[in-house]
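As a plain string of letters, each chain reads:
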Amino acid sequence: MKNKWFKLISQFPEGLQDEINQERPNGEDEAIEEMESFYLVSKEPIEFKLSNIVDDNLFGLTRVPQDVLDVINKKWELNVKTEIVYDENPDRYFKYSKMPNHTAKPSVMFDGEIGWGWGRFIAALIRGDKTILAWELRSKK
């Protein structure tokens, strides 16, 4: 299984390999199946306009503390409400938002939705960035 995992992720650029290893460090069968179902659109991260991808990621925003969403809602003219919070420390997002956007690693998008690197995405929304870098993975069909 480990050999199959290493062979699978070795096809991706090093920066994306690092993200995959952070998110799926054990390379179990489920992770292999998941990663085998996607292809990488570009060998480099792609710069996406936040205004073009925010609507596709509204569901994920419902997992962010409401005081963070209040800032994002105001800045982006949204009306998103928190439904369930996975990271109850809103200070983390505000801390990330104080970092310059060019220091952030690319997030990872699966079929247009941020899958990994949510903190980076949220920080970009808080800052009011115009763009975000992301690795774009698409489902094999």
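The coordinates are above.
Residues numbered from 1 in each chain as written. Predicted model: local features only at pLDDT ≥ 70, side-chain atom pairs only at ≥ 80, totals over all residues. Heavy atoms only, no water.

**Thoughts on the pattern of salt bridges**
Summed over the entire model, instances satisfying the criterion amount to six salt bridges. Linking Lys4 and Glu36 is a salt bridge whose minimum nitrogen-to-oxygen distance equals 3.7 Å. Highlighted residues: Lys4 in helix H1 (residues 2–9) and Glu36 in helix H3 (residues 29–36), separated in sequence by 32 residues. Here Glu19 makes a salt bridge to Arg120, at a shortest N to O gap of 3.1 Å. You can see Glu19 sitting in helix H2 (residues 14–23) and its partner Arg120 sitting in helix H8 (residues 118–127), a full 101 residues away along the chain. Judged by relative accessible area, which is 2%, Glu19 ranks as buried. (Salt bridge = Lys/Arg side-chain N within 4 Å of Asp/Glu carboxyl O. Helix = DSSP H or I, 4+ residues; strand = E, 2+ residues; numbered from the N terminus. Buried < 20%, exposed > 50% of the residue type's maximum accessible area, 1.4 Å probe, protein only.)

**Topic: the packing of helix H6 (residues 66–76) against helix H7 (residues 90–97)**
Viewed as axis vectors pointing N to C, H6 and H7 meet at an angle of 40°, and their least axial separation amounts to 8 Å. With respect to H7, the axis of H6 lies oblique. Along the contact surface, H6 presents Asp67, Val68 and Val71, while H7 presents Pro90, Tyr93 and Phe94. Class assignment for the residues of the contact of H6 with H7 results in five nonpolar, no polar and one charged. (Axes fitted to C-alpha atoms, helices over the stretch in contact; angles between N-to-C directions. Parallel < 35°, antiparallel > 145°, perpendicular 65-115°, else oblique. Contact = heavy atoms within 4.5 Å. Nonpolar A, V, L, I, M, F, W, Y, C, P; charged D, E, K, R; others polar.)

**Thoughts on unusual backbone geometry**
Positive phi, normally seen in glycine, also occurs at Glu77, with a value near 55°. Tracing the sequence through the fold places Glu77 in the loop between H6 and H7. Taking the relative accessible area as the measure of exposure, Glu77 reaches 75% and is therefore exposed. Here Asp111, not a glycine, exhibits a phi torsion of approximately 50°, which is positive. Within the element layout of this structure, Asp111 appears in the loop between strand E3 (107–110) and strand E4 (113–116).

**Concerning the packing of aromatic side chains**
Overall, the coordinates contain three aromatic pairs when judged by the stated rule. A ring pair is formed by Phe38 and Phe110, whose centres lie 4.9 Å apart and whose planes are at 65°; its orientation type is edge-to-face. Residue Phe38 is located in strand E1 (residues 38–40), and its partner Phe110 is located in strand E3; the two are separated by 72 residues in the primary sequence. For Phe110, a relative accessible area of 12% gives the class buried. In textbook terms, an aromatic cluster arises when at least three aromatic residues are bridged by ring pairs, as seen for Phe38, Phe110 and Trp116. The lysine or arginine in question, Arg92, covers the ring of Tyr93, its NZ or CZ lying 4.7 Å from the ring centre. (Phe/Tyr/Trp six-rings, centres within 6.5 Å; stacked < 30°, edge-to-face > 60°. Lys NZ or Arg CZ within 6 Å of the ring centre and 35° of its normal.)

**Some remarks on the pairing of E4**
In the sheet, E3 pairs with E4 via three bridges, with the strands oriented antiparallel. Among the inter-strand pairings, Val108 is bridged to a residue of E4, identified as Trp116. Hairpin connection from E3 to E4: two residues lie between these consecutive antiparallel strands, with Asp111 at a positive phi of about 50°. (Pairing = 2+ DSSP bridges.)

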